[in-house]
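# Coordinate inspection notes
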Amino acid sequence: MASTSVPERIETIRRLIHDSIVKFPELRKVSFQRRQQFIMDLALVAVALRAGYLVDNIAISEQESVFSDLISALRLASFFTTIHDTFSHVVHVYEPTSEQSFFLNIPISVERLGIWTDCTSFVSLAPDPSTLSLMHKPPFSTTLALESLLEDLIVQVPPPPSIPIKSCSLLKTAVPLAAILLEYPVAYTPETLESPFLCNVPLDVYECVVSFGETTTHTLLKFSCPSELANQHPDALGQPYIKRLLKERYLARIHRFKSEITFQIVHTTEQLDRVAL
């Protein structure tokens, strides 16, 4: 686990997470590489470098109870260390419709959920790519789910280790919801989930990468935006605007660390057979 290039606080949290997850048989079965990625993603949420993390690289049974127990174990274990309050600010959030698990940094998420309409653009998706459009607001059901989650995060301090997302009964509601929790500047809103989307449509693909020294790099987030739509709406979806938004957000957080962390935005244009939502 040791890595001299990783800031000390992050490395301490990584070790704590490692020592906790090996006590869970379901998580011990996960491959070493995927487990290390999980550990780093959760650590970056804990140190408030990212607001949320979607657990999409490992699959376990009874994930809601396992991840709830993991947060409880981390809160207890960290209480007796120099990072004693770290995991009181982290919560597992479960979206039952899509069966997705998120880990959220509570202070950042509460702040971002209060202003999410100012920093997220919504793109309406239909099977016909010629009908792509920029929406003025998200589906009402997405707004309800976010407001319910925000209330749950605020009411109980600290909140329970796991919170289910309510008012989210449709998968097409869950797609933009996940984008908001993960701080994507662009959130896709599908009209239906029956068909593949954005087949062979030129996409602006953004990948935000942090580097610790010369040896350790990690992807914070990766998302896309239809290139033609970005050209039509440069003030909301254009490359200069998106890059400026990302730099302002993440560099402000990175500057809190005394250790050297570099931040890079990798932009490419791609055409895919289909885009996973």
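This one's a predicted model, so the numbers in the text were calculated from it and none came from an experiment.

### Details of the overall build of the protein
Looking only at helices and strands, one finds ten helices and ten strands in the protein. Whereas a compact globule of 277 residues would reach a radius of gyration of roughly 19 Å, the protein reaches 19 Å, a difference of no more than 12%. Dimensions of the protein, computed from the C-alpha atoms along their principal axes, are close to 55 × 40 × 35 Å. Looking at the 277 residues of the protein, the share that counts as buried comes to 53%.

### As for the packing of helix H5 (residues 106-114) against helix H6 (residues 140-155)
Here H5 crosses H6 at 140 degrees, and the two axes come no closer than 10 Å. Judged on the interaxial angle alone, H6 and H5 are oblique. Read as a crossing pair, H5 and H6 show a hand that is left-handed. Across the interface between the two elements, Ile-106, Ser-109, Val-110 and Leu-113 from H5 touch Leu-146, Leu-149, Leu-150, Leu-153 and Ile-154 from H6.

### As for the confidence of the model for the protein
Across the protein, pLDDT averages 88, with 94% of residues at or above 70. The lowest-confidence element of the protein is helix H7 (residues 171-181), averaging 86 in pLDDT; the highest-confidence one is strand E1 (residues 52-54), averaging 96.

### Regarding helix H10 (residues 239-254)
Taking 1.5 Å per residue, 16 residues should reach 22 Å; H10 reaches 22 Å between its end C-alpha atoms and fits that length. Buried residues in H10 make contact with H5, strand E7 (186-190), strand E8 (203-212), strand E9 (216-226), helix H9 (234-237) and strand E10 (261-270).

### Overview of the sheet that holds strand E2 (residues 90-95)
Read across the open sheet, the four strands follow the order E1-E3-E2-E6; overall the sheet is mixed. With partners counted over all chains shown, the strands left at the sheet margins are E1 and strand E6 (162-164), one partner each. Averaged over neighbouring strand pairs, the angle between their axes works out to 25 degrees when direction is ignored. Of the strand pairs in this sheet, E1 and strand E3 (residues 100-105) are connected by three bridges, and their pairing is antiparallel. If you follow Gly-52 over to E3, its bridge partner there is Leu-104. Contacts from helix H3 (residues 32-46) reach E1, E2 and E3, with the element oriented near 40 degrees to E3. Its contacts with the sheet place helix H4 (residues 63-79) against E2, E3 and E6, and it is angled at close to 175 degrees to E2.

Conventions adopted
- Residues numbered from 1 in each chain as written.
- Predicted model: local features only at pLDDT ≥ 70, side-chain atom pairs only at ≥ 80, totals over all residues.
- Heavy atoms only, no water.
- Helix = DSSP H or I, 4+ residues; strand = E, 2+ residues; numbered from the N terminus.
- Rg over C-alpha atoms; globule rule 2.2 N^0.38 Å.
- Buried < 20%, exposed > 50% of the residue type's maximum accessible area, 1.4 Å probe, protein only.
- Axes fitted to C-alpha atoms, helices over the stretch in contact; angles between N-to-C directions.
- Parallel < 35°, antiparallel > 145°, perpendicular 65-115°, else oblique.
- Left-handed = near helix turned anticlockwise from the far one by under 90°.
- Contact = heavy atoms within 4.5 Å.
- pLDDT = per-residue confidence, 0-100.
- Expected span 1.5 Å × (residues − 1).
- Pairing = 2+ DSSP bridges.

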